[in-house]
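The chain contents come next:
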Amino acid sequence: MDSGTEADILSRLRDFLATAELSDGGRVPAERVLAETLGVGRGALRKALATLQAEGVIWRHVGKGTFTGERPIDTVADIQAMVQRTNPPEVMSARIAFEPEVARCAALNATPSQIVEIRNCMLKAQQAPTWRIYEQWDNRLHRAIGEASQNSLLLGLLDTLNAVRRAVTWGRLRNNPVRPPRDHHSFEEHAAIVESIANRDGAGAADAMRRHLRSVENHMRDLS
């Protein structure tokens, strides 16, 4: 069995989780199945899973399994109550008010490796063969920016906002065309955000994120 280096196994695992269509709320396959799928040893796989868990890419529920995304906060009832009280326009208004500041902090605090990760997420979104995979990399991009803020409270608030956003549906995933067009508005907007973060331009990153979210808001209204 070709285990590869730890970095290679981690990269393979990231790509699998980003492109696989997982069922049951993003449940990751059992370790045995996942190890066979990736062609790696279970010991090396566990190390890669532990790394992603520490990053918040996956989370584990004893007795239920491993899941992608951020771990739900314990006050699930509070999230459900917020979902009942809010609506898509309010969610977008909250994102526009909040995420530009997250981007500003990311520009000031991101490590070089985090900037590489943010740029990689942007490129993966551009190359996505389907809307579903684009959405997965788009979500990962925004969370990677949150991680780069180096502020655990901001990241926790971002995760809560995303938990509400996922539950408040504003349109369905688009199926026609099958993938985002080459001139999809988010590509250029994402690039502006990423370049501002890479250049340590906090004000520019905040402005670019705000423009992007307002553009998303306008396009979602067109689809609704």
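The structure this text deals with has already been given above.
This structure is a prediction, so every number in the text was calculated from the model and none was measured.

A. A look at the pairing of strand 1 (residues 58-61). Bridging between strand 1 and strand 2 (residues 65-68) involves four bridges; their strand directions are antiparallel. Within strand 2, the residue paired with arginine 60 across the bridge is threonine 66. Remark: three residues form the turn of the hairpin made by strand 1 and strand 2, two consecutive strands paired antiparallel; glycine 63 in that turn has positive phi of roughly 90 degrees.

B. Representation of the packing of aromatic side chains. For the coordinates displayed, the defined rule picks out three aromatic pairs. Judged by centre distance (5.0 Å) and plane angle (25 degrees), the rings of tryptophan 59 and phenylalanine 67 are stacked. Residue class for tryptophan 59 comes out buried when judged on its relative accessible area of 13%. Look at tyrosine 134 and phenylalanine 187: their rings are 6.2 Å apart centre to centre, the planes differ by 65 degrees, and that puts the pair in the edge-to-face class. One end of the pair, tyrosine 134, is in helix 7 (residues 131-148); the other, phenylalanine 187, is in helix 9 (residues 185-198), with 53 residues separating them in the sequence. Pair check on accessibility: tyrosine 134 and phenylalanine 187 agree, each one buried.

C. Main features of the side chain of histidine 185. Following the sequence through the fold, histidine 185 ends up in helix 9. Since its relative accessible area comes to 18%, histidine 185 is described here as buried. Polar side-chain contacts of histidine 185 include one of 3.0 Å to the side chain of glutamate 189. At 3.0 Å, the side chain of histidine 185 and the side chain of serine 215 are in polar contact. If we ignore the near neighbours within four places in the chain, the residues touching histidine 185 are Ser215, Val216 and His219.

D. Representation of the nonpolar core. Counting 37 residues, the largest nonpolar core has Ile118, Ile145 and Ile197 as its most contacted members. Mapped onto this core, the elements with two or more residues apiece are helix 5 (88-109), helix 6 (112-127), helix 7, helix 8 (152-167), helix 9 and helix 10 (202-223). Residues within four places of isoleucine 145 in sequence aside, it is in contact with Val102, Ala103, Ala106, Ile118, Ile193, Ile197 and Met209. Judged by nonpolar contacts, the second largest core, of 17 residues, contains Leu17, Val28, Leu49 and Leu52.

E. Region of the structure containing the environment of tryptophan 59. Along the chain, tryptophan 59 turns up in strand 1. Sequence separation between tryptophan 59 and leucine 49 is ten residues, and the spatial gap between their C-alpha atoms is 9.3 Å.

F. Broad picture of the pattern of salt bridges. Tallied over the full model, the rule gives 15 salt bridges. Here aspartate 8 and arginine 12 are joined by a salt bridge, their closest N and O atoms 2.6 Å apart. One end of the pair is aspartate 8 and the other is arginine 12, both in helix 1 (residues 6-19) and four residues apart, which spans about a single turn. Classification of aspartate 8 as partly exposed rests on a relative accessible area of 33%.

G. Looking closely at unusual backbone geometry. Despite not being glycine, glutamine 150 shows a phi value in the positive range, around 60 degrees. Along the polypeptide, glutamine 150 turns up in the loop between helix 7 and helix 8. Looking at glutamine 150, the relative accessible area reads 44%, which means it is partly exposed.

Rules used in this analysis
- Residues numbered from 1 in each chain as written.
- Predicted model: local features only at pLDDT ≥ 70, side-chain atom pairs only at ≥ 80, totals over all residues.
- Heavy atoms only, no water.
- Pairing = 2+ DSSP bridges.
- Helix = DSSP H or I, 4+ residues; strand = E, 2+ residues; numbered from the N terminus.
- Phe/Tyr/Trp six-rings, centres within 6.5 Å; stacked < 30°, edge-to-face > 60°.
- Buried < 20%, exposed > 50% of the residue type's maximum accessible area, 1.4 Å probe, protein only.
- Polar contact = N/O pair within 3.5 Å; in protein donor to acceptor, adjacent residues only side chain to side chain.
- Contact = heavy atoms within 4.5 Å.
- Core = buried A, V, L, I, M, F, W, Y, C linked by side-chain atoms within 4.5 Å.
- Salt bridge = Lys/Arg side-chain N within 4 Å of Asp/Glu carboxyl O.

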